[in-house]
Amino acid sequence: MAAADMFQTTDLGPLLVERGIDLSREQVFRLVTQSPQRLSMDTLAALCDILACQPNDLIAVEAIGEQVAKAAGQRGPIPQVRRSTIRRPEAT
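As the structure is a computational prediction, the values presented were derived from the model and not from experiment.

Rules used in this analysis
Residues numbered from 1 in each chain as written. Predicted model: local features only at pLDDT ≥ 70, side-chain atom pairs only at ≥ 80, totals over all residues. Heavy atoms only, no water. Core = buried A, V, L, I, M, F, W, Y, C linked by side-chain atoms within 4.5 Å. Buried < 20%, exposed > 50% of the residue type's maximum accessible area, 1.4 Å probe, protein only. Helix = DSSP H or I, 4+ residues; strand = E, 2+ residues; numbered from the N terminus. Contact = heavy atoms within 4.5 Å. Salt bridge = Lys/Arg side-chain N within 4 Å of Asp/Glu carboxyl O. Axes fitted to C-alpha atoms, helices over the stretch in contact; angles between N-to-C directions. Parallel < 35°, antiparallel > 145°, perpendicular 65-115°, else oblique. Left-handed = near helix turned anticlockwise from the far one by under 90°. Nonpolar A, V, L, I, M, F, W, Y, C, P; charged D, E, K, R; others polar. Arc of directions from axis to C-beta.

1. Regarding the nonpolar core
- One finds Leu12, Leu16, Leu44, Leu47, Cys48, Ile50 and Leu58 to be the most contacted residues of the largest nonpolar core, which totals 14 residues.
- Those elements giving two or more residues to this core turn out to be α1 (9-18), α2 (25-33) and α3 (41-51).
- Here the element with the most residues in this core is α3; it accounts for 5 residues.
- Once you skip the residues sitting within four places of it in the chain, Leu16 turns out to touch Ile21, Leu23, Val28, Ala46, Leu47 and Ile50.

2. A few points about the pattern of salt bridges
- Within the structure shown, the criterion is met by 3 salt bridges.
- Between Glu18 and Arg19 there is a salt bridge, and its shortest N-O distance comes to 3.6 Å.
- Using a relative accessible area of 33% as the deciding quantity, one classes Arg19 as partly exposed.
- Look at the salt bridges and you will find they share partners, linking Glu18, Arg19 and Asp49 into a network.

3. Examining the side chain of Thr43
- With respect to the secondary-structure elements, Thr43 resides in helix α3.
- When sequence neighbours within four positions are dropped, the list of residues in contact with Thr43 reads Ile21 and Leu31.

4. Here we look at the packing of α1 against α2
- Between α1 and α2, the shortest axis-to-axis distance is 9 Å and the interhelical angle comes to 115°. Judged on the interaxial angle alone, α2 and α1 are roughly perpendicular. At the point where α1 passes α2, the crossing takes the right-handed sense. For the pair α1 and α2, contact is made by Thr9, Leu12, Gly13 and Leu16 and by Val28, Phe29 and Val32, respectively.
- Taken together, the residues of the contact of α1 with α2 sort by class into 5 nonpolar, 2 polar and no charged.

5. Focus on α1
- Taken together, the buried positions of α1 are occupied by Leu12, Gly13 and Leu16. Around the axis of α1, the buried residues are gathered within 110° of arc, so they sit on the same side.
- Taken together, the buried residues of α1 touch α2 and α3.

Interpretation note: all reported values are geometric properties and have no functional meaning in isolation.
Structure representation (structure tokens):
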């Protein structure tokens, strides 16, 4: 956000609304200050448009060693859980 001359979370809200993403002030604050549990593709696309970046610039996916229980009747290997985190740019 700082690279786009946005230094307050209130700067982001109107830009999201312009792109059809209507989040409350609190939701925008949490989106900026915390790693979200869920993020819609529309919101991700709007953030990429606003910040002139790609999704890979915002999200880091890392595989962890936990296994997910198989569904009844499912065959084959047990899929691995993948967690994503929001990348915070390094302070320069």
